[in-house]
Amino acid sequence: MCVGIQAKVLSVDDDTAVVDATGAKREVSSALLDDLEPGDYVMVHAGVAIAKITSSSDEETEEILSDKKS
């Protein structure tokens, strides 16, 4: 099974993006995605941003995960 995490793009430089995944900032490859901009949300797997997602998808996932912690 493959596991990806959603993250918010903080900055983009060539084929590298800095993302925030629930408070953890990481550099990931953004080579697979066109027109990536700060503020976008992405799905990250194995250090690579593999897809853009909507902010509502990110908010829904965070809500589900916070319910599981309770």
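Residues numbered from 1 in each chain as written. Predicted model: local features only at pLDDT ≥ 70, side-chain atom pairs only at ≥ 80, totals over all residues. Heavy atoms only, no water.

Undergrad: With reference to specific residues and values, describe the overall build of the chain.
TA: Regarding its fold elements, the chain presents one helix and five strands. Order of helices (α) and strands (β) in the chain, N terminus to C terminus: β-β-β-β-β-α. Looking at the chain as a whole, 21% of its 70 residues qualify as buried. Once local pairs closer than 6 in sequence are excluded, the contacts in the chain between residues at least 24 apart make up 31%. For the chain, the exposed area adds up to about 4,900 Å²; of that, 49% sits on carbon and sulfur atoms. (Helix = DSSP H or I, 4+ residues; strand = E, 2+ residues; numbered from the N terminus. Buried < 20%, exposed > 50% of the residue type's maximum accessible area, 1.4 Å probe, protein only. Contact = heavy atoms within 4.5 Å. Areas by Shrake-Rupley, 256 points an atom, 1.4 Å probe, with all protein chains shown as cover.)

Undergrad: Can you tell me about the nonpolar core, naming the residues and giving the values?
TA: Grouped together as the largest cluster of nonpolar side chains are 11 residues: A7, V9, A17, V19, A21, V28, L33, L36, V42, V44 and A49. Contributing elements (two or more residues each) for this core: β1 (5-13), β2 (16-21) and β4 (41-45). Ranked by residue count, the leading element in this core is β2, at three residues. Ignoring anything within four residues of it in the chain, the contact list for A17 reads V9, S11, V12, R26, E27, V28, S30 and L36. (Core = buried A, V, L, I, M, F, W, Y, C linked by side-chain atoms within 4.5 Å.)

Undergrad: How would you sum up the pairing of β4? Please name residues and give values.
TA: Bridging between β1 and β4 involves four bridges; their strand directions are antiparallel. Directly across from K8, in β4, lies its bridge partner Y41. When β4 meets strand β5 (residues 48-53), the two strands line up antiparallel, connected through five bridges. Along β5, the bridge assignment pairs Y41 with I53. (Pairing = 2+ DSSP bridges.)

Undergrad: Describe the pairing of strand β3 (residues 24-29), naming the residues involved and giving the relevant values.
TA: Inspection of the sheet shows β2 paired to β3 by six bridges, in the antiparallel sense. Counterpart to V19 in the pairing with β3 is R26. Hairpin connection of β2 to β3: two residues between the antiparallel strands, including T22 at a positive phi of 50 degrees.

As far as function goes, none of this settles anything; it's purely spatial.
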